[in-house]
Amino acid sequence: MVADFRRRFWVCLLLTIPVLLLSPLIQKVLGFYGKIVFPGQTYLLFLLASGIFFYGGYPFLRGFIQELKGLRPGMMTLIALAIMVAYGYSTLVVLGLPGKMFFWELATLIDIMLLGHWLEMKSVMGASRALEELAKLMPSSAHRLLPDGTTEEIPISALRPGDRVLVKPGEKIPADGMVVSGESSVNEAMLTGESKPVYKKAGDEVIGGAINGEGSLVVEIRRIGDESFLSQVVKLVKEAQESKSRTQDLANRAALWLTIIALSAGSLTFVVWFLFFRKDIAFALERTVTVMVITCPHALGLAVPLVIAVSTALAAKRGLLIRNRAAFERARLVNAVIFDKTGTLTKGEFGVTDVVSLDEAFKPEEILTLAAAVETNSEHPIARGIVSAVKGEIPAVKNFRAIPGKGAVGRVEGRKVMVVSPGYLREKRLRPSDERIEKLFSQGKTVVFVLIDGKLRGAIALADLIREESREALARLKARGIRCLMLTGDNRQVAKWVAEELGLDDYIAEVLPHEKAKKVKEIQAQGFTVAMTGDGVNDAPALAQADVGIAIGAGTDVAVETADVILVRSNPLDVVAILELSRATYRKMVQNLIWATGYNAFAIPLAAGVLYKYGLLLSPAIGALFMSLSTIIVAINAKLLRV
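Residues numbered from 1 in each chain as written. Predicted model: local features only at pLDDT ≥ 70, side-chain atom pairs only at ≥ 80, totals over all residues. Heavy atoms only, no water.

- If you check an unreviewed UniProt entry, the chain appears there as Lead, cadmium, zinc and mercury transporting P-type ATPase from Thermosulfurimonas dismutans.
- According to the UniProt record, the Subcellular location (unreviewed entry) comment for the chain is "Cell membrane". (UniProt positions renumbered as here; feature names shortened; annotations may be inferred.)

1. Overview of the sheet that holds strand β6 (residues 198-200)
Hydrogen bonds between backbone atoms are what pair the strands of a sheet, whose relative direction is either parallel or antiparallel.
Inference 1: Across the sheet, 3 strands lie side by side as β6-β5-β8; this open sheet has antiparallel pairing. The sheet terminates laterally at β6 and β8 (211-212), the two strands that pair on one side only.
Inference 2: In this structure, strand β5 (residues 184-187) lies alongside β6, joined through 3 bridges in antiparallel fashion. Looking across to β6, one finds that Val 186 is bridged to Val 198. (Pairing = 2+ DSSP bridges. Helix = DSSP H or I, 4+ residues; strand = E, 2+ residues; numbered from the N terminus.)

2. A look at a nonpolar patch on the surface
Inference 1: Side chains of Val 271, Phe 274, Leu 275, Phe 276, Phe 277 and Ile 281 sit close together on the surface and give an oily, nonpolar patch of about 590 Å² of accessible area.
Inference 2: Considering every element that reaches the nonpolar patch, the biggest residue donor is helix α10 (residues 250-276), with 4 residues.
Inference 3: Mapping Phe 274 onto the fold places it in helix α10.
Inference 4: Residue classification places Phe 274 among the partly exposed residues on the basis of a relative accessible area of 31%. (Patch = residues over 30% accessible without salt bridge, like charges linked within 9 Å, V, L, I, M, F, W, Y side chains within 5 Å. Areas by Shrake-Rupley, 256 points an atom, 1.4 Å probe, with all protein chains shown as cover. Salt bridge = Lys/Arg side-chain N within 4 Å of Asp/Glu carboxyl O. Buried < 20%, exposed > 50% of the residue type's maximum accessible area, 1.4 Å probe, protein only.)

3. A word on the side chain of Gln 41
Inference 1: Within the secondary structure layout, Gln 41 lies in helix α3 (residues 41-56).
Inference 2: Within the structure, the side chain of Gln 41 is placed 3.0 Å from the backbone nitrogen of Phe 38, a separation counted as a polar contact.
Inference 3: When residues no more than four places from it in sequence are discounted, the contact partners of Gln 41 are Leu 22, Gln 27 and Ile 36. (Polar contact = N/O pair within 3.5 Å; in protein donor to acceptor, adjacent residues only side chain to side chain. Contact = heavy atoms within 4.5 Å.)

4. Concerning the UniProt feature "transmembrane region" (unreviewed entry) in the chain
Inference 1: The feature "transmembrane region" (unreviewed entry), as given by UniProt, occupies residues 43-61, 73-95, 101-119, 254-277, 289-316, 593-612 and 618-638 in the numbering adopted here.
Inference 2: Each end of residues 43-61 is marked by a C-alpha atom, and these two atoms are 24 Å apart; helix forms 95% of the span and strand 0%.
Inference 3: Secondary structure over residues 254-277 splits into 96% helix and 0% strand, and the C-alpha atoms at its two ends are 32 Å apart.

5. Remarks on helix α11 (residues 281-295)
Inference 1: Along its 15 residues, α11 runs 21 Å from first to last C-alpha, staying within 8% of the 21 Å computed at 1.5 Å per residue.
Inference 2: Counted residue by residue, α11 has 13 buried out of 15 residues, so it is predominantly covered.
Inference 3: Where α11 starts, the residue carrying a side-chain oxygen 3.1 Å from the main-chain nitrogen of Ala 282 turns out to be Asp 280. (Expected span 1.5 Å × (residues − 1).)

6. Brief notes about the nonpolar core
Inference 1: By size, the foremost hydrophobic cluster in this structure holds 60 residues, and its most contacted members are Ile 83, Phe 103 and Leu 106.
Inference 2: The leading source of residues in this core is helix α5 (residues 75-94), at 13 residues.
Inference 3: Core analysis: the second largest hydrophobic core is formed by 37 residues, Ala 315, Ala 499, Ala 509 and Val 565 among them. (Core = buried A, V, L, I, M, F, W, Y, C linked by side-chain atoms within 4.5 Å.)

7. Structural notes on the packing of helix α4 (residues 58-69) against α5
Inference 1: Contact geometry for α4 and α5: axes closest at 8 Å, N-to-C directions at 125°. As summarised for this structure, α4 and α5 are arranged oblique, according to the angle between their axes. Viewed along their axes, α4 and α5 form a crossing whose handedness is left-handed. Along its contact with α4, which presents Pro 59, Phe 60, Leu 61, Gly 63, Phe 64 and Glu 67, the element α5 presents Met 75, Met 76, Thr 77, Ile 79, Ala 80, Ile 83 and Met 84.
Inference 2: Considering only residue class, the contact of α4 with α5 consists of 10 nonpolar, 2 polar and 1 charged. (Axes fitted to C-alpha atoms, helices over the stretch in contact; angles between N-to-C directions. Parallel < 35°, antiparallel > 145°, perpendicular 65-115°, else oblique. Left-handed = near helix turned anticlockwise from the far one by under 90°. Nonpolar A, V, L, I, M, F, W, Y, C, P; charged D, E, K, R; others polar.)

8. Points about the pairing of strand β1 (residues 141-145)
Inference 1: Relative to strand β2 (residues 151-155), β1 runs antiparallel, the two being bridged by 5 bridges. Residue pairing in the sheet places His 143 in a bridge with Glu 153 of β2.
Inference 2: The turn linking β1 back onto β2 is made up of 5 residues, and Gly 149 within it adopts a positive phi angle of 95°.
Inference 3: Note that β1 and strand β3 (residues 164-167) share 2 bridges and pair antiparallel. Bridging from a neighbouring strand, His 143 pairs with Leu 166 of β3.

The structure is reproduced here in C-alpha cells:
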C-alpha cells in the first residue's frame, strides 16, 4: 500500500502541472492569462483532471465506501466529498453550466492527501502478523519412534494422538503430550511465564513449543491441532484483536466534524442563496461548491501525518517502534500499566541472589567458587547461573559426575564438592535448620546446597534477576499517578518477592494465557486505560486485549507482532518514554488541527457570502493563499516536535 500511494502521488503530481498551467485562475495569479490559448484546451483540462480524479482519488473513494459501510465517516469521507463535489460541478461547467471550474483545487487536494497518506504509512508499520508468528513457534518436523525402536523424521502435520516422539537436547517439543521416559529440564518461560526450567520425568505433561534442556525425552502425543495449547492461544489473540475497541484517531474525529460542517454549510448556503435571495441556480451552486471544497483543508491532510512521521522517526532513534497509530494516541490516557514479570521486569535468566554459609570455616565467596567449579561442566540453567556469578578465576574440577535430577559432584582443589537439590538432602535425611534458608524458600527462590567433604557447608539461592532499570521505571510511572501492576504465570512466592522488591501496587500470579486477557478486561472494567507490557507467547492475548500493547523486542515474535508498540531494547524505562512521547505527539497534533481547521472557520463564512452585500466575496485565489499559508504553518509546527 505504501508503494501504491507513492506511485499515485508522483503520477498525479506530473498531471497537476499542465492542469495548473491551463487553469484560468492560476494564469491570472501568475500573470500569463490569455498566453496559452488553443482549440479544445478546456476539454484537455477536463481529461487531465479526470485522470487525477479517477486514478489519484480512487483510494479515497474506496475508503469513503468502506467508512459508510462501517457507519464510521472520517477522513476518507471528507476527502471524497470534496473531490466529488469539485469534479462533478467542474464537469457541469465544461458541459455548459455557467460558473468557474475547480479542477486546479481538485488536483492539488488529491496530491496533498496522497502525500499525507504516503508519509503516514511509511512511518507506521504494517498490520499484525501475530497469528502467523504463533504458528512459527512450532518445529516443522518431529522424530517419531517406530515399533522396532528406530526413529523417522516426519512433518508435524503427520503427528497423531498416541504417537511417540523422541525430543533431543535443545529441540522444541513438537506437540502437547506426556513424558513416557527420560528426564530433563524444560524451558516453558515464553509459553507459561514460569521463570525457572521445569524438571520433567515420566508421567509429566509437556507443552508443544517448549524448549527441551539437557536430557532426551520420549513423549507420547496427547493433543494436536485445535486442541493444543498454542492453538488455544491463537484463538484468544484472534478474539481479543476482534473485540478491541476501534477508537477513531484524532484526525478521523476532526474529519467527521468537518464532514458534518461541510454538508450543513453547503446545504445552508444553497438554500439561502437560491430560496431566500432568489439568486439563479448557477450562482447558488457555485457558492455551495466553493464552501464544500474549502471545508476540506489541504493542511488537514498533512496536519497529523507530518507529526506522525516526525514522532515515529524520533521514537525509532530511541528504539521505540510504533505499529498502531490509534493505540499510540491512546497511550497518553494510560493510567494503569500491567507488566509481565519474566523477561520484562526481570531479565528472564537465572542468577545468584544469595549465598549462605552454614560453616564459619567457609566464606560465601569460597562456597560459590567451589560450586561454580563443579557446575562448569553442566549445561543446566542453574549451573550456568552459578558459574556466571563468579567474578574471579574458577578452579579446575576432576572426576565430575552428574547425579540425574539431583545435582553434580566432583573434586576441586583436593576436596569432594557436591552441588545438590533439596530432594537429595531429603533422601539423605539432612535438614538445614537455618532461618535464612527458610526465608529464601518463602520467596520462591531456587535453592541448591553445597556439600564439601560430605558435610553441608552452604546454600546458594537463584532467581530470575530483576532488571536494574525496573525500579526507576516504576518510580517514574507512580510519580505520574499511574498504577503499576504485575501479571505473571510464575508461582506466587516468586511474584510476591518481585512485587515487594519493586514496590508494585498489586500483583497477580500463576495466571494462564486466557486468564491474563481476562484480568486485563477486569482492570479495564474498573475504568482504567490499560497498557500491557510483555514478551512471551502467554502475554499475546493480554497484549491484544489491552488499550495499548507494548512488547519487549527481545521476546517472542508472537508478542512483538501482537503489540501496538515495540521496545527494541529490553528496558522498562522505555515504557515511560513511549507514554511521554504519546502525550507530546498528541499536543502537537491538536495544535496542527487547530491551525488547519482555523483556516476553515475564517474561510467558510466568506466563501458562503456573508459579506456579499458589502461587495466582499472570497475568491478562489484568496482561498488558495490561505490554504498555502495554513499548510506551511502546519509543516513547520510538526518539525518543532523535535525541539
